[in-house]
Amino acid sequence: MNERFADLVILGGGSGGYACALRAAELGQSVILIEKDKLGGTCLHRGCIPTKAMLHAAEIADAARNGEQFGVISKFAGIHMSGVNAYKDGVVARLYTGLKGLVSSRKIELVEGSGTVVGPTSIEVDGTRFTGRNVVLATGSYAKTVPGLEIGGRIVTSDQALTLDEVPERVVVLGGGVIGVEFASVWRSFGAEVTVVEAQPRLVPNEDEFASKILERAFRRRGIVMETGVQFTDAHVEPGRVTVSLDSGAEIEADLMLVAVGRGPNTNGLGFEDIGLELDRGFVYTDERLRTNLPGVYAVGDVVAGLQLAHRGFQQGIFVAEDIAGLNPRPIDEAGIPRVTYCDPEVASVGLTEAVAKEQFGEIETVTYDLGGNGKSQVLETSGAIKLVKAGTQGTAGPIVGIHMVGARVGELIGEAQLVYNWGAEPSDVAPYVHAHPTQNEAFGEALLALAGKPLHTHS
């Protein structure tokens, strides 16, 4: 058997894997990066990028539909999915080409093929063994489904939903988390009748309850039907339709059902357990420094339990590369990772929900600033709000421990928000900073002023 050696061998070329490879190479490590599909992984090819391209197309559809209210003569005549897909695929292709060039420029050896772990720091691909001083497992995740439910035809996951050649007239979305509400938003903008089914009492249940309420109100205005607090029981496929049954006794007939019940870790059949790697519910167990129970073996991204976000994996990859190089980087605070759901309206947050903050700190203070008082939000015709959560009672010093936002484009505000949270800033520290007018960023500044005890554009 052929055997190749490197300082670092990485299994998986998604966000976590390629970020680790780039940073390690920058730090002088020799790197072998193994990827069974395409460099860039789920995020680039079947997740973040293609869905955001579709969401932008959806935004344009809404703009065409509503042009008259802005004095623009326009109309929404329909969606050509071939055109949407060509636009989406073009965005992906350009980024993919750029990423391949970047990896090549860093002298990273890219190995295309399915890898299996055959030793503590060895991975085999098509008869060649690649052994590193250290190994990083970055094998990503897959779209989960409901046990006993067969995917195919009129029942799809997000993977198939991204390749549809026509817009379904009626859609049932099973799951009201991030993936579910994003696709629900796209299809509604494209003209479909959409019903979202969520077993939890509210949409985006991992977000602050405040955000869920605003999103649900906005979805109702858009004509999206929501069935929350109910369980899916069955789906019956007939020619031309699928009938979805719920434990409430309701039956929903649709042209398509999207199963968006989360993603599971890609750890089966890769040799992980054969070498004694510790798993927890299918996820690779790691400590705060992303070290597994095996010396020299690390894991990053969706195979590590926690937020399944591309930018989390990306940052974890950088962290591991620097840790291996002896730079002693600071461990990543999961609560300090920004979260954005790109539906219409967007939901963005960082830090703790109000409920969790109460559990951790006991006494807290909250402030909510309505986007109705923000000039740019009025220009954009968006509604929503920004909620801040501070540790400690009103009038006392304490850090801002939670920031939650709902409204058009609020995902663009999360950069400042994550700095405020991760630095442990108090309201008095950040309220004096100037926010440009007119921007939605001003709304964040107004919320900070209010939390600092000097509200400006708010009614007492």
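This text goes with the structure placed above it.
The sections below set out a description of the structure shown in this document.

Regarding its fold elements, the chain presents 13 helices and 24 strands. Over its C-alpha trace the chain gives a radius of gyration of 23 Å, about what one expects of a compact globule, namely 23 Å for 460 residues. Along the three orthogonal principal directions, the C-alpha set of the chain runs to about 70 × 65 × 45 Å. Put simply, the chain has 460 residues, and 52% of those count as buried. Put simply, of all contacts in the chain between residues at least 6 apart along the chain, 62% involve residues at least 24 apart.

Moving on to the pattern of salt bridges. Scanning all chains against the criterion turns up 23 salt bridges. Across the pair arginine 133 and aspartate 7 runs a salt bridge whose closest N-O atoms are separated by 2.9 Å. With a gap of 126 residues between them, arginine 133 in strand β6 (residues 128–137) and aspartate 7 in strand β1 (residues 2–11) connect regions that are remote in the sequence. With a relative accessible area of 17%, aspartate 7 lands in the buried category. Among the ionic pairs, glutamate 334 bridges to arginine 312, the shortest N-O distance being 2.8 Å. Residue glutamate 334 is found in the loop between α8 (310–324) and β20 (339–341), and its partner arginine 312 is found in helix α8; the two are separated by 22 residues along the sequence. Taking the relative accessible area as the measure of exposure, arginine 312 reaches 2% and is therefore buried. If you follow the salt bridges from partner to partner, you end up with Arg170, Glu238, Arg241, Glu253 and Asp255 in one network.

Take a negative patch on the surface next. A contiguous patch of negative charge on the surface is contributed by Asp165, Glu166, Glu169 and Glu193. When you line up the elements, aspartate 165 lands in the loop between α5 (158–161) and β9 (170–174). By relative accessible area, which is 65% here, aspartate 165 ends up exposed.

Taking strand neighbours across the sheet as the criterion, the five strands line up as β20-β21-β24-β23-β22 in an open arrangement whose pairing is antiparallel. Of all strands in the sheet, those bounded by a partner on one side alone are β20 and β22 (364–370). In this sheet, neighbouring strand axes are inclined to one another by 10° on average, regardless of whether the strands run parallel or antiparallel. Pairing geometry for β20 and strand β21 (residues 346–351), over three bridges, is antiparallel. Following the sheet pairing, valine 340 is matched in β21 by alanine 348. Where helix α13 (residues 441–451) meets the sheet, its contacts fall on β22, β23 (385–391) and β24 (400–407), and the angle it forms with β23 comes to roughly 35°.

Within the structure, the side chain of arginine 312 is placed 2.9 Å from the backbone oxygen of alanine 305, a separation counted as a polar contact. Among residues more than four places away in sequence, those in contact with arginine 312 are Gly301, Val304, Ala305, Gly306, Leu307, Glu334 and Ile337.

A separate point is the environment of proline 438. The residue proline 438 is located in the loop between α12 (427–430) and α13 in this model. Of the residues examined, proline 438 reaches a relative accessible area of 46% and is grouped as partly exposed. Considering only alpha carbons, one finds proline 438 and valine 379, 59 residues apart in sequence, at a separation of 9.6 Å.

This next bit is on the side chain of glutamate 442. In this fold, glutamate 442 is placed in helix α13. Nearest to the buried, unbridged glutamate 442 among oppositely charged side chains is lysine 376, at 9.1 Å.

Moving on, we come to the sheet that holds strand β14 (residues 251–254). Strand order across the open sheet formed by three strands is β12-β13-β14, with antiparallel pairing between neighbours. Edge positions in the open sheet fall to β12 (232–238) and β14, since each of these has one partner strand only. When the angles between neighbouring strand axes are averaged without regard to direction, this sheet yields 20°. As paired strands, strand β13 (residues 241–246) and β14 are joined by four bridges and run antiparallel to one another. Its bridge partner lying in β14, serine 245 is registered against glutamate 251.

With that out of the way, let us pick up the packing of helix α6 (residues 178–189) against helix α7 (residues 209–222). At a closest axis distance of 11 Å, the pairing of α6 and α7 adopts a crossing angle of 25°. Relative to α7, α6 is oriented roughly parallel. Handedness of the α6/α7 crossing: left-handed. On the side of α6, the interface is formed by Val181, Ala184, Ser185, Arg188 and Ser189, while α7 contributes Leu215, Phe219 and Arg222.

So, how was this worked out
Residue positions are given per chain, counting from 1 as you read along its sequence in written order. At least 70 in pLDDT is required for a residue's local features to be given in this predicted model, at least 80 for side-chain atom pairs to be given and counted, and no such filter applies to totals for whole chains, interfaces and linings, which use all residues. As a rule here, side-chain values cover all heavy atoms of the structure and leave hydrogens and water aside. The secondary structure listing takes helices from DSSP runs of H or I that are at least 4 residues long and strands from runs of E that are at least 2 residues long, numbered from the N terminus. Atoms counted for the radius of gyration: C-alpha only. Globule rule: 2.2 Å times the number of residues to the power 0.38. Throughout this description, buried means an accessible area under 20% of the type-specific maximum (1.4 Å probe, protein chains only), exposed means over 50%, and partly exposed covers the range between. Should any heavy atoms of two residues lie within 4.5 Å, those residues are considered in contact. By salt bridge we mean one thing: a side-chain nitrogen of Lys or Arg within 4 Å of a carboxyl oxygen of Asp or Glu. Patch membership requires over 30% relative accessible area and the absence of a salt bridge. Like charges are linked within 9 Å, and nonpolar side chains (Val, Leu, Ile, Met, Phe, Trp, Tyr) within 5 Å. For the accessible areas, the method is Shrake-Rupley and the probe is 1.4 Å, while residue cover comes only from the protein chains on display. Asp and Glu count as negative and Lys and Arg as positive, but His and the ends of the chain are not part of the count. Here the site of a charge means atom NZ of a Lys, CZ of an Arg, CG of an Asp or CD of a Glu. Two strands qualify as a pair provided DSSP detects at least 2 bridges between them. Geometry is summarised by axes, namely lines fitted to C-alpha atoms with helices restricted to the contacting stretch, and by angles between N-to-C directions that run from 0 to 180 degrees. Any N or O atom pair separated by 3.5 Å or less is treated as a polar contact, with the protein-specific requirement of one donor-capable and one acceptor-capable atom, and with residues adjacent in sequence counted only for side-chain atom pairs. An angle counts as roughly parallel when it lies under 35 degrees, as roughly antiparallel when it exceeds 145, as roughly perpendicular when it falls between 65 and 115, and as oblique in every other case. Crossing chirality is assigned from the near helix's rotation relative to the far helix, an anticlockwise turn below a right angle marking it left-handed and a clockwise turn marking it right-handed.

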